[in-house]
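Listed below, chain by chain, are the residues.
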Amino acid sequence: MKTQTTFPAFAVSPEIEDAAETRIAQYPNDQKRSAVLPLLHIVQHEFGFINREATEWVAQKLGLEPMQVHEVVSFYPGFREHAPGKYHFRVCRTLSCAMAGSAELMDRICELTGIDRSNSDSHHNPIAVSPCGLWSVEFAECLASCGTGPVCLVNDDFHEDVAPEKAENLIGQYNN
Amino acid sequence: MSKISYLPGKEPDSCEHRMIFKNIDRKGWDPSIACYLKDGGYEQLRKALKMNPEDITNEVKISGLRGRGGAGFPTGVKWGFIPPNNSKPVYLICNCDESEPGTFKDRYIVHQDPHQLIEGMLISALAIGAHTAYIYMREEFPEAAILMEKAIEEAREKNFLGSDILGSGFDLEIYIHRGAAAYICGEETGLIESLEGKRPYPRIKPPYFPAALGLYMAPTIVNNVESICHVKHIIEMGGAEYAKLGTPRNTGTRILCVSGDVKKPGYYEVEVGKITMGELLNDVCGGPLDGRTFKACIPGGSSAKILRCDETFKIGNGENQKELGFYDIPMDFDTMAACGSMAGSGGVIVMDDSRKMSWVLNNINHFYAHESCGQCTPCREGSMWMRKISDRIVDGKATPEDIQTLEDVAYQIDGRTVCAFGEAASWPVEAMISKFRDELEAETSEDNEYLSPEAKRQLKNIS
Ligand SMILES: Cc1cc2nc3c(=O)[nH]c(=O)nc-3n(C[C@H](O)[C@H](O)[C@H](O)COP(=O)(O)O)c2cc1C
Ligand code: SF4
Ligand code: FES
């Protein structure tokens, strides 16, 4: 099945240059490397994930070797090297949410969106995407809202008290 | 503003003493600077700008404030560790990584009351002589990052931030630095590495105590969001007055976050040590779910050692020794430590008799195996093996010896690593086995094979 691409291809616009310069200015002149994470966030927010070209752009902006940027991308679970769906669900896996049913919530989301998580693992392949490319899921670790579990993030939106039976409603908010 | 009232269903419990959370869920409250100013905001900054930096630190020392991020280290004492003849810039970092499982308090401050944090940071920066401060915010708070940046902008417009603040000659800039979903960025030296644009590999102490060799190898004070907010109230009340809140050596208020099997989970700001575990769980949180009884409780974030609800503890020495039941433990730092656990980050996770401890432990083990930074062999390998063994237990494939192996692995991590993550990962295992060994063993069987196929393959490689 053809995977729908929902993100534009990496390209540096004047807006992105501006945003990058603003972030770089947050750190002392001789400590530009500090802007690695902020710049990667700009890229990922705009293009969905971080590819080689983007890594090289960040490195060049900050006077680093591409490897110094790549080792950051590959370490942090918050950075992705592959495209997620247009709507990326991060369901909290940790104890309090698990007690409140987050594993069942994950199953239900996958069922409703046609996502197959059987090849996912927490380290190397955490994200599973639906065949249509619209949806993707991933387990997150404690999202700091343990009293209102199960909780999840959909892109940048935070949702609490999402009992498994509320999955359909949640997905409905994004189904367009 | 007139008398404070709260949104329906969000009224504080009668035992609460709301100071840090005064404005959380408050009726008519919003995160704007206009709202904050109407409520007396930035008055403590004005007061602090007229004080000597040493006097601010001194008030914080007198207040007895202990860090709310996990270790409970006295804040004023930490500030005093900046080398006296330092000539480098000093940095203040607010730790808003809030990633210890079970903890959910800083979230509300940065979403609902950003100016309280900014005012606290201003006063703290004044005390330590910092002109640049960062808020290290976990990536999973995207909305808060925007909100805080807006608040910083508002504060700059009023000259509470920027240069020559309110004509005092003091300069401060605050920036937001977002993390990227790694728990280890909450550990202060891992956080600093991350802020420097690297993998967040914690640094070894000594020599890398942040107060001397922190961000860019300059003196750096890292404090939790809640700790920094307390500073504002210490200046308002005076250290001595603040110290009357709570109990001796365990002063002030703190926010307890209760989750799991209770009727009313939530956040409760109470005077430290003034309420017991029993009052918290049974009265404030409404007790266990109908038809259930409490079984176990993790009192200070998932790294804290689990306690049995039917346990009694012997605390104190000699004549002062006394027995204390689980429900009689006061919610403070010192008694919790004397009971063999820790008050940690204030995250209280409760389990009732419907929960299998093997499942609980396995969930925790997955967390630590996923989050180890991988720098130290005992932690990297040990956390993974602990996860694999607890996987076997929950899958019904473990033997009784596996429990022993699990315990052995845990004790080989503890105390042998660069950072305290080693303890954070191994304590839950050590405590769970010591308190629930029978239950765990009952899930194993002599008929299972002791070694998993994978372990057998590995054994072949080493022998
Ligand atoms: C593995 C690990 C994770 C931590 N996570 C956090 C955290 O999420 N937030 C926090 O404030 N402190 C965290 N800490 C504690 C910090 O290292 C540091 O002690 C704290 O931010 C100091 O602030 P305080 O003195 O105000 O408590 C963590 C420590 C360890 C060892
Ligand atoms: S103890 Fe674990 S988390 Fe800490 S530095 Fe070592 S490997 Fe990393
Ligand atoms: S366990 Fe899910 S938010 Fe903490």
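Note that the structure is predicted; figures quoted are calculated from it, not measured.

**A short note on the domain arrangement of chain A**
Now for step 1: Its domain assignment divides chain A into domain 1 (14-75) and domain 2 (87-172).
Now for step 2: Its C-alpha centre places domain 1 of chain A at a distance of 28 Å from the equivalent point of domain 2 of chain A.

**Some remarks on the packing of helix 13 (residues 357-371) of chain B against helix 14 (residues 377-394) of chain B**
All names here are of chain B.
Now for step 1: The N-to-C vectors of helix 13 and helix 14 enclose an angle of 150°; their axes lie 8 Å apart at closest approach. Looking at the two axes, helix 13 sits roughly antiparallel to helix 14. Like other packed secondary-structure pairs, helix 13 and helix 14 cross with a definite hand, here left-handed. Contacts between helix 13 and helix 14 involve Ser358, Trp359, Asn362, Asn365, His366, Tyr368 and Ala369 from the former and Ser383, Met384, Met386, Arg387, Ser390, Asp391, Ile393 and Val394 from the latter.

**Examining the domain arrangement of chain B**
Residues and elements named next belong to chain B.
Now for step 1: Domain annotation for chain B reports domain 1 (33-244), domain 2 (247-352) and domain 3 (357-462).
Now for step 2: Between domain 2 and domain 3, the C-alpha centre-to-centre distance is 26 Å.
Now for step 3: Both sides of the domain 2 and domain 3 interface together cover about 1,100 Å² of buried area, and 66% of this is carbon and sulfur.
Now for step 4: Connecting domain 2 to domain 3 are 3 salt bridges.
Now for step 5: Between glutamate 311 and lysine 435 there is a salt bridge, with the nearest N and O atoms lying 3.0 Å from each other.
Now for step 6: The interface formed by domain 2 and domain 3 includes 6 residue pairs in polar contact (both at pLDDT 80 or more).
Now for step 7: Looking at the side of domain 2 that touches domain 3, the elements that each hand over two or more residues are strand 9 (294-298) and strand 10 (307-308).
Now for step 8: Element by element, the count of residues in the side of domain 2 that touches domain 3 is highest for strand 9, at 3 residues.

**A look at the site of ligand 2**
All names here are of chain B.
Now for step 1: Around ligand 2 sit 13 residues, and of these Cys373, Cys376, Cys379, Thr417 and Cys419 come closest.
Now for step 2: In this structure the site holding ligand 2 corresponds to the largest cavity.
Now for step 3: In terms of residue class, the shell around ligand 2 is made up of 8 nonpolar, 5 polar and no charged.

Calculation criteria
- Residues numbered from 1 in each chain as written.
- Chains lettered and ligands numbered in written order.
- Predicted model: local features only at pLDDT ≥ 70, side-chain atom pairs only at ≥ 80, totals over all residues.
- Heavy atoms only, no water.
- Domains from an automatic or database assignment.
- Axes fitted to C-alpha atoms, helices over the stretch in contact; angles between N-to-C directions.
- Helix = DSSP H or I, 4+ residues; strand = E, 2+ residues; numbered from the N terminus.
- Parallel < 35°, antiparallel > 145°, perpendicular 65-115°, else oblique.
- Left-handed = near helix turned anticlockwise from the far one by under 90°.
- Contact = heavy atoms within 4.5 Å.
- Buried area = accessible area lost by both parts, 1.4 Å probe.
- Salt bridge = Lys/Arg side-chain N within 4 Å of Asp/Glu carboxyl O.
- Polar contact = N/O pair within 3.5 Å; in protein donor to acceptor, adjacent residues only side chain to side chain.
- Near = heavy atom within 4 Å.
- 1 Å grid on protein atoms, 1.4 Å probe; cavity = no way out; pocket = protein on both sides within 12 Å on 5 of 7 lines; lining within 4 Å.
- Sits in = over half its atoms within 2 Å of the grid points.
- Nonpolar A, V, L, I, M, F, W, Y, C, P; charged D, E, K, R; others polar.

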